Amino acid sequence: MSTKRCGECGSKNLALKSQIGKPYPWKDYHAVFLSKDYKVLECAQCGNTVESGADIANLSKLLQETVIEQIQTFIEMILTREGCKQTDLASHVGVSPQHLSEIKSGRKQPSFQTYNFLKTLAFENRSFRVSDPQYNFLKRAI
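What comes next concerns the included structure. (Residues numbered from 1 in each chain as written. Predicted model: local features only at pLDDT ≥ 70, side-chain atom pairs only at ≥ 80, totals over all residues. Heavy atoms only, no water.)

## Comments concerning the packing of helix H2 (residues 86–93) against helix H3 (residues 97–105)
The criterion, for reference: Axis definition: a line fitted to C-alpha atoms, limited for helices to the stretch in contact. Angles are taken between N-to-C directions and run from 0 to 180 degrees. A run of DSSP states H or I qualifies as a helix once it reaches four residues; a run of E qualifies as a strand once it reaches two. Both are numbered from the N-terminal end. Here roughly perpendicular refers to angles of 65 to 115 degrees, roughly parallel to angles under 35, roughly antiparallel to angles over 145, and oblique to all remaining angles. Contacts: residue pairs with any heavy atoms within 4.5 Å of one another. Each residue is assigned to one of three groups, with Ala, Val, Leu, Ile, Met, Phe, Trp, Tyr, Cys and Pro labelled nonpolar, Asp, Glu, Lys and Arg labelled charged, and all others, Gly among them, labelled polar.
Between H2 and H3, the least distance of the axes is 8 Å, while the angle of their chain directions is 100 degrees. By the angle between their axes, H2 is roughly perpendicular relative to H3. The residues of H3 that touch H2, namely those facing Gln86, Thr87, Leu89 and Ala90, are Pro97, Leu100, Ser101 and Lys104. Looking at side-chain class alone, the contact of H2 with H3 contains 4 nonpolar, 3 polar and 1 charged residues.

## Quick notes on the sheet that holds strand E5 (residues 49–50)
Definition in use: For two strands to be treated as a pair, DSSP must find at least two bridges joining them.
Judged by pairing direction, the sheet is antiparallel, and its 3 strands sit side by side in the order E1-E4-E5 without closing on themselves. Each edge of the open sheet carries a strand with a single partner, namely strand E1 (14–18) and E5.

## A word on the environment of glutamate 65
On the secondary structure map, glutamate 65 appears in helix H1 (residues 53–82). Note: C-alpha distance between glutamate 65 and lysine 104 (39 residues apart in sequence) is 12 Å.

Pasting the structure below:
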């Protein structure tokens, strides 16, 4: 049986480490923070992670599930706080109601921009009103 080695320094001193809450770049997302536990072999000498192709496929699936869970949470937070319908939210985001429904159900992966916009709408109370397509920012500036 072969012992795994660190690809960076060659050390065999590897230990399973939890990655929950750690950021991972994924597709066009700069950082997705894992919401579920994921363990990887980490080199005690240099800190490099040792992952197989299967590990990377599992991590990608977990990152996708994390994004879907977060999107669902963001949408529910906005709908509850604003007391609006999903069609109203879609108008604010600039997507069709069908597209937002597919994002919410997990059938489609949102773009990084849509993800960030929904995150902003969920956590910044005033952003929903300002994102209204009918909002006249020129009137507010005068």
